[in-house]
Every structure is written in structure tokens, then in C-alpha cells.
Amino acid sequence: MSIERRVQLVEKLFHKLDQESTQFEQSSGLSCVSGCGKCCTHPDVEASPLEFLPWAFHLFLNGKALKTLLILKKTSSSTCFIYKPLSIIDQGRCSNYKYRGLICRLFGFAANTDKYGKLRLATCKIIKEGQADNYNTTSKAIAKGMYVPVFTEYYMQLNQIDFRLGNIILPINKALKMALEEVLQYYAYRPFLDIEKKCG
């Protein structure tokens, strides 16, 4: 399957999730604190290269893939490369929000299945404590059947697009690097004419 087709399918999955997340956010009343970015600075965030294929493809189309890969190879930080701090007090933003990964879209507004088979909202301490009433109400509603996106279901759908790239889970910066390498390798011996026509 071509890179373009895989990117289209991943973006279609993201669009579906964004709609469901917006609906869940409205129903639950839960929301991220503006400018927080605390979860983005966590050193143990992991992702698959496939969820960052649209990001890598976007950079490639704009002539920035190779330069970004070279910078990423020199980066020793475990904090997400795309996350850009705005100040020294941990406030920040995603520098490429439109192309953020599946993990970024799910965390805070999706659930995991616990060892008893029950859905548990996967969100941060800031939301749990700062929006305690909404969090507790939403947790009870989920237990009674309120719809919430589920991590495993979305990752299964992602894997169906490309099992090899979707089934590899790496520290986030390694996933970003592999996504860039995948795009650059794919087009190393292929003409860019089709891409130029699409983007022209």
C-alpha cells in the first residue's frame, strides 16, 4: 500500500476519533487545562511510527523531512520532539497539533480496560483533581454504559492499516524518527510527480 493511501487511512481514523472525542468532551464536561502540556513532557510516552506517518508525510511534502530527521537523530531528550515549551513553568504547546499522534488524541478522553474488563478513564492527575466532580460523574456514567473511545480498539484499527508500522511501540521520539525514515525510504527511488500534482 502506498504512503499516500496509508496516510489517508490514518487521517480518516483520526477524524473519526476527533469527532468522538469532541462529543465525549461535551458530554463529560472534562477538558485539558489551556497551555498545560504536562502529559507531553512525560519521559515514558510511547507510540507507533504509523500514527506519525501523516506528520512525516507532511514534512516530506514541505521539504523538511530530511532536515527534521537529522535534528531528531541528534536529540537526546526523551520529551516529545514536537512539543515546544513556551515557558520555564511547564506550559507549552504541540508545534504540529494537526499532525499529533493517536496517543496524543486518546489520552485524557479515552478509556483502558482494567483486569476485570471494566473501562477506566485514562486521564491525568490535573484533570482528576482539578475537575473532580466531572471526573467522578463521568467515571460513574462510563460504568453505566456512557460511550467513551477505547485505547485498544483504536490501536487495533490502526494496526489494520499497516500491521508492521502499527504494531511497533517505541519511545515517542524513536517512533517519530521511524516514521520519517519510512517516508524518506519509500520515496528514495520513486518519482515525486504524483505528489507535486496533488500539492500543486
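Residues numbered from 1 in each chain as written. Predicted model: local features only at pLDDT ≥ 70, side-chain atom pairs only at ≥ 80, totals over all residues. Heavy atoms only, no water.

S.K.: Account for the overall build of the protein, naming residues and giving values.
M.R.: Across its full length, the protein carries 10 helices and six strands. The C-alpha atoms of the protein give 18 Å as radius of gyration, which agrees with the globular expectation for 200 residues (16 Å, within 12%). For the protein, with 200 residues in total, the buried portion stands at 42%. Considering only intrachain contacts with a sequence separation of at least 6, the fraction spanning at least 24 residues in the protein is 76%. (Helix = DSSP H or I, 4+ residues; strand = E, 2+ residues; numbered from the N terminus. Rg over C-alpha atoms; globule rule 2.2 N^0.38 Å. Buried < 20%, exposed > 50% of the residue type's maximum accessible area, 1.4 Å probe, protein only. Contact = heavy atoms within 4.5 Å.)

S.K.: Account for the packing of helix H1 (residues 3-28) against helix H9 (residues 172-186), naming residues and giving values.
M.R.: In the contact formed by H1 and H9, the axes pass within 11 Å of each other and the chain directions differ by 145°. Of the residues in H9, those in contact with Ile3, Glu4 and Arg6 of H1 are Glu182, Val183 and Tyr186. A breakdown of the residues in the contact of H1 with H9 according to their chemical character gives three nonpolar, no polar and three charged. (Axes fitted to C-alpha atoms, helices over the stretch in contact; angles between N-to-C directions. Nonpolar A, V, L, I, M, F, W, Y, C, P; charged D, E, K, R; others polar.)

S.K.: Outline the pairing of strand E4 (residues 110-113), supporting the account with residue identities and numerical values.
M.R.: Regular strands place their side chains on alternate faces of the sheet. Relative to strand E5 (residues 119-122), E4 is paired through four bridges, and the arrangement is antiparallel. Across the sheet, residue Thr113 finds its bridge partner in E5, namely Leu119. Counting the residues between successive antiparallel strands, the hairpin from E4 to E5 contains five residues, one of them, Gly117, with a positive phi of roughly 85°. (Pairing = 2+ DSSP bridges.)

S.K.: Give me the lowdown on the pattern of salt bridges, citing residues and values where you can.
M.R.: If charged atoms from side chains of opposite charge come close, those side chains can pair. If you walk through the whole model with that rule in mind, you get seven salt bridges. With a shortest N-O distance of 3.4 Å, Glu182 and Arg6 are connected by a salt bridge. Taken together, the positions of Glu182 in helix H9 and Arg6 in helix H1 put the pair 176 residues apart, joining distant regions of the chain. What you see here is one network of salt bridges that share partners, running through Arg6, Asp162, Arg164 and Glu182. (Salt bridge = Lys/Arg side-chain N within 4 Å of Asp/Glu carboxyl O.)

S.K.: Go over the packing of aromatic side chains, please, and point to the residues and values.
M.R.: Counted according to the given criterion, the structure contains four aromatic pairs. An angle of 85° between the planes, with centres 4.8 Å apart, marks the rings of Tyr186 and Tyr187 as edge-to-face. Exposure remark for Tyr187: the relative accessible area of 4% places this residue in the buried category. Through pairs of rings, three or more aromatic residues link up here, namely Phe57, Phe60, Tyr186 and Tyr187. Directly above the aromatic system of Tyr97 lies the positively charged group of Arg100, at a separation of 3.8 Å from the ring centroid. (Phe/Tyr/Trp six-rings, centres within 6.5 Å; stacked < 30°, edge-to-face > 60°. Lys NZ or Arg CZ within 6 Å of the ring centre and 35° of its normal.)

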